[in-house]
Amino acid sequence: MGLGTYQVLDVRGREEEARHEVVRTALEVGITLFDSSPMYGEAERVLGDALRKYGRDRATVATKVWTSDDRAAQLQIETALNFFGGRVELYQVHNLIAVEKRLGMLEELQNEDKVRSIGATHYSHSAFPSLMNVMLSGRVDFVQVPYNAADVAVAEEVLPLAEELGLGVIAMIPLGSGRLIRNAPADKDLEPLKEFGIETWAQVLLKFVLSDERVSCVIPATSSPGRARENARAGEPPFFGEEEQEYVKRLAQRR
Ligand SMILES: NC(=O)c1ccc[n+]([C@@H]2O[C@H](COP(=O)([O-])OP(=O)(O)OC[C@H]3O[C@@H](n4cnc5c(N)ncnc54)[C@H](OP(=O)(O)O)[C@@H]3O)[C@@H](O)[C@H]2O)c1
């Protein structure tokens, strides 16, 4: 299980301590991958500060480079390396921006042992063909794509290719950026899923994504330590079979 940082760690000043607590709790409950980007305002800095306090060594940092300008890209990378103690476990090209040039930069950092793995991300279905070309180039170890019970487009082509190539998959937007949560099904609709250890609709949605064996990690964002705990519990087996996955899709598509 991972933690997304979009919006939720984009804070300054007095709010920072409270968001450090989300990161502390995440590490405590076994959430180890933290996804960020220079696009997320203060999030990389706030995450770096929290990890320095609570256990950089226990974390897998997955951040991104996000610009078409070479000098700005260099600066983004230097800044992030400073936040994260001189190394980033997974460096991703955000939205495939200037992907060829950015992959070249990240490969150099990999040779210097500052970056362990390289990835590419895109949120839009229309970019999947380009993303798949990058996957086929052999230059990335991971892809990050949108995947939730109401948006299963990746299951058609991107995930089969990732499986064939042996690439890791990080599932973004698992709760539909909160949209799927706001209008939860009635408790009686969740009853058939209780034997899978789920207590809440958010856990159902997260377990749905993790029940796809092609997914390596899911990265729900939360600003609440309690929800980080709740979300982490969805990472425990047993996982849904095909029948339950179809059932959850039907529930989600009505939201
Ligand atoms: N590469 C890309 O192009 C891209 C694009 C989008 C996202 N991402 C990554 O994917 C991550 C996740 O996507 P996302 O942030 O858009 O949305 P998301 O994780 O699908 O949903 C986050 C929302 O769900 C709420 N939430 C979380 N856990 C909850 C729970 N247990 N119960 C009720 N509400 C809950 C959060 O509110 P509270 O804070 O109130 O808990 C927040 O508003 C991002 O943070 C980012 O790291 C990447």
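Scope of this entry: the structure provided in the associated data block.

### Re empty space enclosed by the protein
This structure, assessed with the given rule, holds one cavity of 30 Å³ or more. Every residue along the wall of the largest cavity is listed here: Met1, Gly2, Leu3, Ile31, Pro220, Thr222, Ala228 and Asn231. If you list the elements that add at least two residues to the lining of the largest cavity, you get strand E1 (2–4) and helix H10 (225–233). When grouped by side-chain class, the residues that make up the lining of the largest cavity number five nonpolar, three polar and no charged.

### Here we look at the layout of surface pockets
Approximately 820 Å³ is the volume attributed to the largest pocket. Of all the secondary-structure elements, those providing two or more residues to the lining of the largest pocket are helix H7 (179–182) and H10. A total of three residues in the lining of the largest pocket trace back to one element, the largest contributor, which is H10.

### Notes on unusual backbone geometry
Across the junction of Pro237 and Pro238, the peptide omega takes the value 5°, indicating a cis bond. Following the sequence through the fold, Pro238 ends up in the loop between H10 and helix H11 (242–253). A positive phi angle, near 60°, is found at Leu96, a position not held by glycine. Among the structural elements, Leu96 can be located in the loop between strand E4 (88–93) and helix H4 (99–111). Unusually for a residue other than glycine, Ser177 sits at a positive phi of about 55°. Among the structural elements, Ser177 can be located in the loop between strand E7 (168–172) and H7. Residue classification places Ser177 among the exposed residues on the basis of a relative accessible area of 60%.

The rules behind these values
- All residue numbers here refer to positions counted from 1 along the written sequence of the relevant chain.
- With pLDDT at 70 or above as the cut-off, local features in this predicted model cover only qualifying residues; side-chain atom pairs require 80 or more to be listed or tallied, and sums for whole chains, interfaces and linings still use all residues.
- Side-chain measures were taken over the full set of non-hydrogen atoms in the model, leaving aside hydrogen atoms and water.
- Grid spacing is 1 Å over the protein atoms alone, the probe is 1.4 Å, and a cavity is where that probe fits but cannot get out, while a pocket is an open set with protein on both sides within 12 Å along at least five of seven lines and lining residues have an atom within 4 Å of a point.
- Grid points are joined across faces, edges and corners, and a volume is the space filled by probe spheres set on the points.
- Here a helix means four or more residues in a row that DSSP labels H or I, a strand means two or more in a row labelled E, and each is numbered from the N terminus.
- Three classes are used: nonpolar for Ala, Val, Leu, Ile, Met, Phe, Trp, Tyr, Cys and Pro, charged for Asp, Glu, Lys and Arg, and polar for all others, with Gly counted as polar.
- Note on exposure labels: buried denotes an accessible area under 20% of the residue type's maximum, exposed denotes more than 50%, and partly exposed covers the range between, all computed with a 1.4 Å probe on protein chains only.

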